[in-house]
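# Architecture at a glance
One-letter residues, chain by chain:
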Amino acid sequence: MIHTQTGSNRRILTFPAVNPCESISITTLVDSLLQLAGEILSFKPKDFSTNKRSVKETLRHIQSLVIFFEELRIQIRVGSISASRSAILSLSELHVIFQKLKFLLEDCTREGAKLYMLMNSGQVSAHFRALTRSISTSLDTFPIGSVDLPGEVNELIYLVMRQTRKSEARPDRDDKRAIDSVYWFFNLFENRINPNSDEILRVLDHIGVRKWRDCVNEIDFIREEISVGKKSNIEIELLSSLMGFICYCRCVILRGIDVDDEEKDKEEDDLMMIRSLNVDDLRCPISLEIMSDPVVLETGHTYDRSSITKWFASGNITCPKTGKTLVSTALVDNFSVKQVIQSYFKQNGVVSGLKGKKKTIVAESLAAEEAGKLTAEFLAGELINGGEEEMVKALVEIRLLTKTSSFFRSCLVEAGVVESLMKILRSEEQRVQETAMAGIMNLSKDIAGKTRIAGEDGGGLRLIVEVLNDGARRESRQYAAAALFYLSSVGDYSRLIGEISDAIPGLVRIVKSCDYGDSAKRNALIAIRSLLMNQPDNHWRVLAAGVVPVLLDLVKSEEISDGVTADSMAILAKMAEYPDGMISVLRRGGLKLAVKILGSSEVSPATKQHCVALLLNLCHNGGSDVVGSLAKNPSIMGSLYTASSNGEFGGGKKASALIKLIHEFQERKTGPVEPVLERERFIHAW
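Residues numbered from 1 in each chain as written. Predicted model: local features only at pLDDT ≥ 70, side-chain atom pairs only at ≥ 80, totals over all residues. Heavy atoms only, no water.

The name an unreviewed UniProt entry gives the chain is RING-type E3 ubiquitin transferase, with Arabidopsis suecica as the organism. For the chain, the Pathway (unreviewed entry) comment in UniProt is given as "Protein modification; protein ubiquitination." (UniProt positions renumbered as here; feature names shortened; annotations may be inferred.)

If you want it as structure tokens, here you go:
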């Protein structure tokens, strides 16, 4: 059997067919053609929302060719066919055509791509026309006269050749009408006019988008299509307009929602993964830009396709990172890295492949911009004037829109949803409070949103702290912690949050409690770290809340993720910048624990970086007695030399400084004068 590329992770409307090898036997080739034909015929016309006429014609031709192939297989078995070069060549060309047809049919039925395929039905028809005509060309070279086929089979083949040669596959009339309607909707959006809902429903029904979940799938596909590969301004404008249109349909036109807990769990997993990510790992080693199309060389190193292609085009046949001469310059898609990059862009509302410039996902066209504003105004009105069912749906829509797009965050803030959401936070309905708090968390990423949330007197901050401590669900408290992280990036708000008596203790309780998972703990940890970074006065408040023993016990438990360990060590390093924090860390065995983690092979370089920072701060503030205690550990120098050589994670300079401190201490100790320790600085380090 010939192995062909599957359609999974393949860019839409691309057809990476595999040519059969020249030495292939005619038996294997015919068997493979029959299997491919079977896969193509598994598609049914009713599964297609667009280009239905072209699909029916294609399936009819394939069905006729199956009869031809089955007769060939019989003739081969009885030995009446010789494997001539022209026969092999003809069947090989058909094999490639069948692969491409299968890819095209997969694209026409791809989940979430219905609106996209409608708008590209002209291009799809052109593909059907070209591939269908290629069937005739391939059959022309087959030596039919040298094969003893039944008369009816010969007639069938000649009929297929005539029909495919004259193929005039064109977009269906209903498809053209639906496309015209979509462009009319764009025109109405540009003029801030809400389209007729019945007209929109007619188009959605035509393409088979009838449920809320269908719209979600369409949005996910368009977002992914925007984020991958290089596109012209016209393509970006169309995709952005489609995004604005389908978001409007989901929020304004379709009623009812069907979001489940599994979807929310996936959302949290993605968020946790992104927070533990070092963005530099997503950059191409050649261009130093975040990769848009990551590929792997035979050395195992990943590069952006455009950069490594230019490298090879310049005459280089080596791996840029290792310098190793390559046996093959074949590039293999790195789908794992690509998915991580797409998740990163999704969480940050950024379009990939734009030279690092932050772009909103949908504001690349006037239609998208105005559709977004109309959607935001509608949702704001539903929060105020809608019934309970309408309000709940609006909350879910706001949560989803604000999660992925900085443009929608801005629109919703301008529409006044923040004030309504803050009032809803006091709801006694647990799910309502949770969804409102999630929306507030996402809107706290917006600059204007921060101001609206905090309020003139900081009342919004106090309300979020109330949810942090007394929220009806763990999820609500977790989102409150994340919101405090985003809000604390503003110095004044960091101060105000610190001054709220229950704020920092509430965060520490989440870190300490066994009721919360790693995602919730990380929300609280990064909030605490942000409060320390943006307001030095919060140091004593964090210390008074007992964060040092909580974090040391947490790390010692070894039942947490590396991300939680890294965040914990970062906070301890920050605490050790101050004498009282340093003393608290040392008295509870922080020095020994940091050395142990630094020497571990199971933690990330980022975690080790924070360990080095902690050790350096302990030595600076603890004096020579701490340095001496550190120098007694036989494994410390090896760990530090390893850390100093790993400059890409930023710990190199600090590790080198720590090595220097230890060397200087050892030189003084072996010299004629013993170092004198100041009595007030003497601390039992271990």
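## Focus: the overall build of the chain
Summing up its helical and strand segments, the chain has 33 helices and three strands in all. A buried classification covers 53% of the 686 residues belonging to the chain. The long-range fraction of contacts in the chain, counting pairs at least 24 apart against all pairs at least 6 apart in sequence, stands at 74%. A total accessible area of about 31,100 Å² is found for the chain, and carbon and sulfur atoms account for 49% of it. (Helix = DSSP H or I, 4+ residues; strand = E, 2+ residues; numbered from the N terminus. Buried < 20%, exposed > 50% of the residue type's maximum accessible area, 1.4 Å probe, protein only. Contact = heavy atoms within 4.5 Å. Areas by Shrake-Rupley, 256 points an atom, 1.4 Å probe, with all protein chains shown as cover.)

## Focus: unusual backbone geometry
Glycine aside, the phi torsion of most residues is negative, and most peptide linkages are trans. Of note, L13 is a non-glycine position whose phi angle comes to about 60°, a positive value. Backbone geometry at N51 places phi at a positive 55°, although glycine is not the residue there. Mapped onto the elements of the fold, N51 is located in the loop between helix 1 (26-41) and helix 2 (52-77). For N51, a relative accessible area of 0% corresponds to the buried category.

## Observations concerning helix 26 (residues 547-556)
Extensive coverage of helix 26 is indicated by the burial of seven of its ten residues. Those residues of helix 26 lying buried are V547, V548, V550, L551, L552, L554 and V555. Elements in contact with the buried residues of helix 26: helix 23 (503-512), helix 24 (518-534), helix 25 (538-544), helix 27 (562-575), helix 28 (579-587) and helix 29 (590-598). Looking one or two residues past helix 26, E558 carries a phi angle of roughly 55°, positive in sign.

## Details of the environment of Y516
Tracing the sequence through the fold places Y516 in the loop between helix 23 and helix 24. Along the backbone, Y516 and E475 are 41 residues apart, and their C-alpha atoms lie at a distance of 9.2 Å. Here R477 takes part through its side chain, which lies 2.5 Å from a polar atom of the side chain of Y516. (Polar contact = N/O pair within 3.5 Å; in protein donor to acceptor, adjacent residues only side chain to side chain.)

## Observations regarding the packing of helix 7 (residues 173-190) against helix 14 (residues 366-385)
Close contact between helix 7 and helix 14 brings their axes to 8 Å; oriented N to C, the two are set at 65°. Of the possible angle classes, the one that applies to helix 7 and helix 14 is roughly perpendicular. In terms of crossing hand, the pair formed by helix 7 and helix 14 is left-handed. Only L366, A367, E370, A371 and L374 of helix 14 make contact with helix 7, whose side of the interface consists of F186, F189 and E190. Considered class by class, the residues forming the contact of helix 7 with helix 14 number six nonpolar, no polar and two charged. (Axes fitted to C-alpha atoms, helices over the stretch in contact; angles between N-to-C directions. Parallel < 35°, antiparallel > 145°, perpendicular 65-115°, else oblique. Left-handed = near helix turned anticlockwise from the far one by under 90°. Nonpolar A, V, L, I, M, F, W, Y, C, P; charged D, E, K, R; others polar.)

## Observations regarding the state of the cysteines
This model, assessed by the stated rule, comprises zero disulfides. Just so you know, C251 is unpaired, no disulfide at all, and the nearest cysteine sulfur is the one on C247, 6.2 Å from it. Taking relative accessible area as the criterion, C251 reaches 1% and is therefore assigned buried. (Disulfide = S-S within 2.5 Å.)

## Regarding a negative patch on the surface
The grouping of E388, E389, E390 and E429 at the surface amounts to a negative patch. A relative accessible area of 61% means that E388 is categorised as exposed. (Patch = residues over 30% accessible without salt bridge, like charges linked within 9 Å, V, L, I, M, F, W, Y side chains within 5 Å. Salt bridge = Lys/Arg side-chain N within 4 Å of Asp/Glu carboxyl O. Lys, Arg positive; Asp, Glu negative; His and termini not counted. Charge placed at Lys NZ, Arg CZ, Asp CG, Glu CD.)

## Considering the packing of aromatic side chains
Per the stated rule, a full pass over the model turns up ten aromatic pairs. A centroid spacing of 5.4 Å and a plane angle of 90° characterise the contact between F68 and F142, whose relative ring orientation is edge-to-face. Of this pair, F68 sits in helix 2 while F142 sits in the loop between helix 5 (121-140) and helix 6 (151-165); the two residues are 74 residues apart in sequence, bridging distant segments of the chain. Grouping residues by exposure puts F68 and F142 together as buried. Ring centres 5.0 Å apart and planes at 65° place the aromatic pair F189 and Y248 in the edge-to-face group. Of this pair, F189 sits in helix 7 while Y248 sits in helix 10 (residues 233-253), and the two are 59 residues apart along the sequence. Since its relative accessible area comes to 0%, F189 is described here as buried. (Phe/Tyr/Trp six-rings, centres within 6.5 Å; stacked < 30°, edge-to-face > 60°.)

## Some remarks on the nonpolar core
Ranked by internal contacts, the top residues of the largest apolar core, which has 194 residues, are F68, F69, L91 and I464. Non-local contacts of F68, meaning those with residues more than four positions away in its chain, are made with L139, F142, L149, V153 and I157. With twelve residues, the next largest nonpolar core counts L282, V295, L326 and I341 among its residues. (Core = buried A, V, L, I, M, F, W, Y, C linked by side-chain atoms within 4.5 Å.)

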